[in-house]
Amino acid sequence: MNRQLTELTDEELIKEFQDNNTLKAYEILVKRYKDPLMNFVYRYLGDKDSCTDVVQETMIKFYLNKDSYRSFAKFSTWIYTIAANLAKNELKRRKRRTIFSIDNNDDEKSLQIEDKMFLQPDRATDSEIKNEIIQKALLKVKPVYREVVILRDIQDLSYEEISEITGLPIGTVKSKINRGRAQLQKLLKNIYKE
Amino acid sequence: MKNFYNDNEKKYSNLLNDLKNLPKINTPENFEFNLMTRIQNKNFGDNKNPKINFSIYKFLAPSAIVVTVILLFFLLYPQKNEIQNQVIKHQSVADTQSLVSNLSNDNKVGEQLISKNEFKPKMIKKDISNQNTVQEEKSSKIQELLNQRSISVDDYLSGATVTNKAIQRSNVVKSGEEPIVDGFFVEKQTDKKTIEKYRNALDSLRKAQLKLDSLKKAQK
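Source: prediction; values computed, not measured. (Residues numbered from 1 in each chain as written. Chains lettered and ligands numbered in written order. Predicted model: local features only at pLDDT ≥ 70, side-chain atom pairs only at ≥ 80, totals over all residues. Heavy atoms only, no water.)

Looking at the overall build of chain B
Here is the rule: The way it works is that DSSP assigns letters per residue, a run of H or I at least four long becomes a helix, a run of E at least two long becomes a strand, and they are numbered from the N terminus. Under the scheme applied here, a residue whose accessible area is under 20% of the maximum for its type counts as buried, over 50% as exposed, and between as partly exposed, the area being computed with a 1.4 Å probe on protein chains only. In this analysis, two residues are considered to be in contact whenever any of their non-hydrogen atoms come within 4.5 Å of each other. Methods summary: accessible areas were calculated by the Shrake-Rupley approach with a probe of 1.4 Å, and residue burial reflects only the protein chains presented.
Each helix and strand counted, chain B has 10 helices and zero strands in total. Traced from its N-terminal end to its C-terminal end, chain B shows the element sequence α-α-α-α-α-α-α-α-α-α. The buried share among the 220 residues of chain B stands at 27%. For chain B, the share of sequence-separated contacts (at least 6 apart) that also reach a separation of at least 24 residues comes to 53%. When the accessible surface of chain B is split by element, carbon and sulfur atoms take 54% of a total near 16,900 Å².

Here we look at the overall build of chain A
A tally of helices and strands in chain A yields nine helices and zero strands. A separation of at least 24 residues holds for 60% of the contacts in chain A among residues at least 6 apart in sequence. Per element, the accessible surface of chain A, about 10,800 Å² overall, is 49% carbon and sulfur.

Examining the interface of chain A and chain B
The criterion, for reference: We define buried area as the total accessible area lost by two parts upon association, computed with a 1.4 Å probe and summed across both. What makes a salt bridge here is a side-chain nitrogen of Lys or Arg within 4 Å of a carboxyl oxygen of Asp or Glu, nothing more. In the analysis that follows, any N or O atom pair within 3.5 Å is treated as a polar contact, provided that within protein one partner can donate a hydrogen and the other can accept it, and provided that, for residues neighboring in sequence, both atoms belong to side chains.
Listed per partner, the contact involves 39 residues of chain A and 27 residues of chain B. For the pair chain A and chain B, the summed buried area comes to about 3,300 Å², and 63% of that belongs to carbon and sulfur atoms. The largest per-residue losses of area from chain A upon contact with chain B belong to Q56(A), I60(A) and R181(A), which jointly make up 17% of the total buried on that side. Scanning the region where chain A abuts chain B turns up four salt bridges. Between K34(A) and E32(B) there is a salt bridge, with the nearest N and O atoms lying 3.4 Å from each other. Counting across the chain A and chain B interface gives 10 residue pairs in polar contact (both at pLDDT 80 or more). Among the elements of the structure, α3 (23-45), α4 (48-64), α6 (126-140), α7 (143-154) and α9 (170-187) of chain A are those that each provide at least two residues to the side of chain A that touches chain B. When residues of the side of chain A that touches chain B are assigned to their parent elements, the largest contribution, 11 residues, is made by α3(A).

Quick word on the confidence of the model for chain B
A low pLDDT means the predicted coordinates there should not be read in detail. Residue and element names in this part refer to chain B. Worth spelling out the cut-off: For every residue, the predictor states its confidence as a pLDDT score lying anywhere from 0 to 100.
With 43% of its residues at a pLDDT of 70 or more, chain B has an overall mean of 70. No element of chain B has a lower mean pLDDT than helix α9 (residues 169-173), at 51, and none a higher one than helix α3 (residues 31-40), at 92. Below a pLDDT of 50 lies the segment residues 116-121, which in the model reaches eight contacts outside its immediate sequence neighbourhood of four places, other chains included. Under the prediction, the complex receives an ipTM of 0.80, its pTM being 0.55.

Side note on the UniProt feature "transmembrane region" (unreviewed entry) in chain B
As a reminder of what qualifies: UniProt positions are given in the numbering used here, feature names are shortened, and annotations may be inferred rather than shown by experiment.
The positions that UniProt labels "transmembrane region" (unreviewed entry) are, in the present scheme, residues 56-77 of chain B. Note that residues 56-77 of chain B is 95% helix and 0% strand, and that its end C-alpha atoms are spaced 31 Å apart.

Here's the deal with the nonpolar core
Put simply, the rule is: As used in this record, nonpolar core signifies buried Ala, Val, Leu, Ile, Met, Phe, Trp, Tyr and Cys residues forming a set joined through side-chain atoms within 4.5 Å. Either an automatic procedure or a domain database provided the assignment from which the domain bounds are taken.
With 68 residues, the main nonpolar core has Y26(A), V41(A), M59(A), F62(A), F75(A) and L19(B) as its most contacted residues. Ranked by the residues each element gives to this core, the list is headed by α3(A), at 13 residues. When residues of this core are assigned to domains, at least three fall in each of domain 1 (1-107) and domain 2 (115-194) of chain A. Once residues lying within four places of it in the same chain are set aside, the contact partners of F62(A) are I14(A), F17(A), Y26(A), L29(A), F75(A), W78(A) and I79(A).

Let's talk about the side chain of E90(A)
Residue and element names in this part refer to chain A. Relative to the helices and strands, E90 is located in helix α5 (residues 75-100). Of the polar contacts made by the side chain of E90, one reaches the side chain of R93; its length is 3.1 Å. In this structure E90 touches L45, S50, V54 and R97, once residues within four positions along its chain are discounted.

Regarding the packing of helix α2 (residues 10-20) of chain A against α3(A)
All names here are of chain A. Using the following cut-off: Interaxial angle, 0 to 180 degrees, is taken between N-to-C directions of lines fitted to C-alpha atoms, where a helix line uses only the stretch in contact. Definitions for this section: a left-handed crossing has its near helix turned counterclockwise from the far helix by less than a right angle. A right-handed crossing has that turn clockwise. Residue classes follow a fixed rule: Ala, Val, Leu, Ile, Met, Phe, Trp, Tyr, Cys and Pro count as nonpolar, while Asp, Glu, Lys and Arg count as charged, and any other residue, Gly among them, counts as polar.
Closest axis-to-axis distance for the α2/α3 pair is 8 Å, and the angle between their directions is 145 degrees. Crossing hand, α2 versus α3: left-handed. Contacts between α2 and α3 involve D10, L13, I14, E16 and F17 on the former and, on the latter, A25, Y26, I28, L29, R32 and Y33. For the contact of α2 with α3, the residue count by class is eight nonpolar, no polar and three charged.

A word on helix α10 (residues 192-219) of chain B
Test applied: Take the residue count of a helix, subtract one, and multiply by 1.5 Å to get its expected span.
Taking 1.5 Å per residue as the helical rise, α10(B) with its 28 residues ought to reach 40 Å, and the 40 Å between its terminal C-alpha atoms agrees with that figure. Of the residues making up α10(B), those classed as buried are T194(B), I195(B), Y198(B), A201(B), L202(B), S204(B), L205(B), A208(B) and L212(B).

What to know about the pattern of salt bridges
Residue and element names in this part refer to chain A. Taken as a whole, this structure holds 13 salt bridges over all chains when the rule is applied. Residues K24 and E27 are paired through a salt bridge, measuring 3.8 Å at the closest nitrogen-oxygen approach. Taken together, the residues K24 and E27, both in helix α3 and three residues apart, mark about one turn of the helix. With a relative accessible area of 22%, E27 lands in the partly exposed category. Salt bridges linked by common partners bring D47, E90, R93 and R94 together as one network.

Focus: the packing of aromatic side chains
All names here are of chain A. Operational definition: Pairing of aromatic side chains requires ring centres within 6.5 Å, counting the rings of Phe and Tyr and the six-membered ring of Trp. Pairs whose planes differ by under 30 degrees are stacked, by over 60 edge-to-face, and all others tilted.
According to the stated counting rule, one finds 15 aromatic pairs over all chains in the structure shown. Relative to F75, the ring of Y33 lies with its centre 5.2 Å away and its plane at 70 degrees, an arrangement referred to as edge-to-face. Placement of the pair is Y33 in helix α3 and F75 in helix α5, with a sequence separation of 42 residues. For the pair Y33 and F75, a shared accessibility class is recorded, and that class is buried.

Written out as structure tokens, the structure is:
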């Protein structure tokens, strides 16, 4: 039975979970999506602790609201939508916190490429530094563009899937991705010299 | 359209490569265990502090009460600045006024009696016409007073000459402590002569009444 379940598609698994309340089906889906969602939420929020919480919440919401899933939609887009909404909520909460905090100097902080001469030994590789800079730049991109860029260029989802997740028309998705990329390229102009 | 975005992908090819090659972030090892424990314990992290819904209806009842109280206060509270007839306050003027009103009533009675019995003593008519002229004179005097900047009502009522003092008309009419009541003035100024005339008129009317009675008796 277990072997059979692992062979099932996402949509079949959720149907099994909906119809028979099979916890194993739920567990398999969690296994399949926990890491992609974690990666997406981390790139969106930039904080491992809070993104673990967001993914946990996503899975809890999936468990509690399994019946709200409709079979005509792809399971991946459904679960990504939940995660994206929760990540946006977390971002809003953070913004509210920064509005009321006294030490709000985020605007003064500028993106700078670190000097390799003063790096710690465990971060010494070029790619690590680059990845860190890209992540920082990504967090500087406007959230509306950031979301679609991550979904498209990091999570490798199709335009149609992104359109479903964000609820935007495909044309809008494409233009937003383009603007997001342009913003990111501008922020990383020291790395990507045209 | 498709080409446009494909061209853009070429433009950002380096960036896109780097984005795709970013290290994948994985969940912690105990992620599933924690999740399943939460589910088994039914610890779904419901909000301990439920969101307080702001509703305008919650404010309707208290605001309605406040508004009602304010309205009732203004409607029922006895107004301190109530405008009172200053002439009535002044006893001498009030007496004069009552006398004048009595006289006018008596005149009416007399006229009625005269018309009924076709008895028209000339003196009565003369007195009435005198009364009218006196009143006209008085009203013209009042007008003159109004034109002046200040008056002293006490002096004027006692029959003394009018003296111009640096007091406002309203302050003369009112006591001065109470708020100013602009536009109020003593309508009928009386003096001793006028009162005397009215008394004479009253006496003549009474005499006429007596004559009328005697004529009636004689006719009988």
